[in-house]
Every structure is written in structure tokens, then in C-alpha cells.
Amino acid sequence: MKDIYEKLEVPEPSADLEERIIAAAAPTKKTHFFPKLAVAAACLLITLIILQPNSQQSELSESYLAEIAFFDDQYGFTDNIKFIEPEPQFEDIEFFDDQYGFADDIS
Amino acid sequence: MLEKSDEELVEMLAAQNGQAFAILVKRHSRYFYNVAYRIVLSKETAEDIVQKAFLKIWEKPQLWKAGKAKFKTWFYRVVCNLAIDDKRRLQPVNLDFDVAQEENEETDFKEQEVLHSALKTIPERQRAAIMLVYFEEIKQTEAAEILGIGIKALESLLSRGKKQLQEIMQ
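Quick summary incoming for the structure in this document. These numbers were taken from a predicted model, which means no experiment stands behind them.

What follows deals with the packing of aromatic side chains. All names here are of chain B. In the structure shown here, the tally under the stated rule is 11 aromatic pairs over all chains. Ring geometry for Tyr31 versus Phe32: centroids 5.2 Å apart, planes at 90 degrees, classification edge-to-face. Summarising the aromatic geometry, the rings of Phe71 and Phe75 are spaced 5.2 Å apart at their centres and angled 25 degrees between planes, so their arrangement reads as stacked. One end of the pair is Phe71 and the other is Phe75, both in helix H4 (residues 71–85) and 4 residues apart, which spans about a single turn.

Spelled out as C-alpha cells, the structure:
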């Protein structure tokens, strides 16, 4: 029996057989992963849309305000603010009035 | 990486190691192409079978169980089963020899044609059994394991195939 197979000539395989096998393997795994990734991304997107707070909401909640206040305080922004009391400008007003003689009419 | 055993390389496939896969392909594709060809007797079909077998192990390396069998024994099984199950087996014999076109090698061609015709007359399963046991000289127990049958069934395949081939060749 062995001689039958010994006589049987096996033709040379295509020169690019190895390359074809290796190349065929590369994309198969990507296609395996792609649908899983796509489904996961879609699920994540849907979850985010559902859980997203209403963007039309205009009023800031108290917690947001508390956070903002804390933010300002921790950097001491409010400490540098100085409130300057303006000096009264009565003299200028009087001079302005005098030059046109408005004050003369005041009895 | 080149000095790693087949079993080590297959284990690396679980982590999608393309380099390990390339080494396995370069190490075994030619050998298993010959095995597949001796069963299907067609160059294109044998190439497709080898490609399918390698893609199978690339996609599902967990199919090979480390403790059960050596990689080569297991891969024999994959290739032989694909070759036996190939749907194109009913197609007429197509000789893929360049010598077929050359008139001065007509005698060789005729001999090959006779061999092909003789082998084509017996079923793939018998052909695979004869090839494994008589040509590859694999032990009967291992050949039975490769073909996924019992030892008695293998003996039966060998006996029927041998008888049929001898009748044709005479």
C-alpha cells in the first residue's frame, strides 16, 4: 500500500499559500471584535443619553452654588476684593452750577 | 520564538499572537497540504483545507486541549476531518501536474492518472486510513484517534480499502 502513495506525486502548493493563510487570519479576528465593540459603544451611548440631565434646566441647584462658593473661597478670590467708599463730589457740583449761574437763581 | 514547541505556540494564540501563528503556518502548512492532497487529490481543495484548518485554530485555539493530545496529532484530525467532509469530493478528478502538458512525460502522467483513478474509487475515509497507517506510518491506535473512530472500525476501513485498491491496481 505504501508504494501507491510513494508513487503518487503531490503537486507543489501555490507559492503564496503561507502568506494567504496568514493574511486570511488577520482580518477575521478584527471582524470578531468589531461587532462587540460597536454594540458596547452603542449601549454606552444610549445609557448616557438616558442618564443625561435636562439641558434646558436654567436654575442652578443649591449643590452647584455651594460648589462654586467653595471654589472661590479656597483660592481666596474674595479676600482681595476691596470696597472703596467714594468721596462726596459736592464741591465740583457747586462749581459746575456756578459757572452758568444756576446757583444764583436759587433763593 | 522560533525555538518554541508547537504546544507553546498554540497556547500563545489565545492571546492573539500573530507571530506565533505565522511560525505555526510556516512550520506545518506544507506538510499538512501534502496530507490533505493525499486524501482529496486536488491541489486547490488541499490548499483550502489547510487554510481552513489553520484559521480554525486561530479563531478557536481553545479547541486544542493541552493534556489530551500533541498538537500535531490533533491537527491531523482537523485536516483529515475537513478533507473527508469536503463537499467538493464528488467533483471529477483534476490532475494538477505541469507534466500533464508535456508530451515527453506522457508515461509519468499516465501512471499518475491510474493512481488518481484507483485512489478515487475508494471513499475518503478509507483513503485517509490507508494514508495514515501505511504511508505516514502512524500507529493504528493514533490513526483511529485522528479519524475519531474505534480500532475495530479502523481495521475494517483498512481491510476494505486495501482489498479494493489491490483489485484495481491489478
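The structure having been displayed, the exposition proceeds.
Ranked by internal contacts, the top residues of the largest apolar core, which has 62 residues, are Phe21, Phe54, Ile57, Phe75 and Leu132 of chain B. Considering each element in turn, this core owes the most residues, 12 residues, to helix H2 (residues 18–40) of chain B. When near neighbours in sequence (up to four residues on either side) are disregarded, Phe54 of chain B contacts Ile21 of chain A together with Phe21, Leu24, Val25, His28, Ser29 and Phe75 of chain B.

Attention now moves to the packing of helix H7 (residues 140–147) of chain B against helix H8 (residues 151–169) of chain B. All names here are of chain B. Relative to each other, H7 and H8 sit at 95 degrees, their axes nearing to 9 Å. Relative to H8, the element H7 lies roughly perpendicular. Along its contact with H7, which presents Gln140, Thr141, Ala143, Ala144 and Leu147, the element H8 presents Ile151, Leu154, Glu155 and Leu158. Grouping the constituent residues of the contact of H7 with H8 by class yields 6 nonpolar, 2 polar and 1 charged.

Quick notes on the rules
Residues numbered from 1 in each chain as written. Chains lettered and ligands numbered in written order. Predicted model: local features only at pLDDT ≥ 70, side-chain atom pairs only at ≥ 80, totals over all residues. Heavy atoms only, no water. Phe/Tyr/Trp six-rings, centres within 6.5 Å; stacked < 30°, edge-to-face > 60°. Helix = DSSP H or I, 4+ residues; strand = E, 2+ residues; numbered from the N terminus. Core = buried A, V, L, I, M, F, W, Y, C linked by side-chain atoms within 4.5 Å. Buried < 20%, exposed > 50% of the residue type's maximum accessible area, 1.4 Å probe, protein only. Contact = heavy atoms within 4.5 Å. Axes fitted to C-alpha atoms, helices over the stretch in contact; angles between N-to-C directions. Parallel < 35°, antiparallel > 145°, perpendicular 65-115°, else oblique. Nonpolar A, V, L, I, M, F, W, Y, C, P; charged D, E, K, R; others polar.

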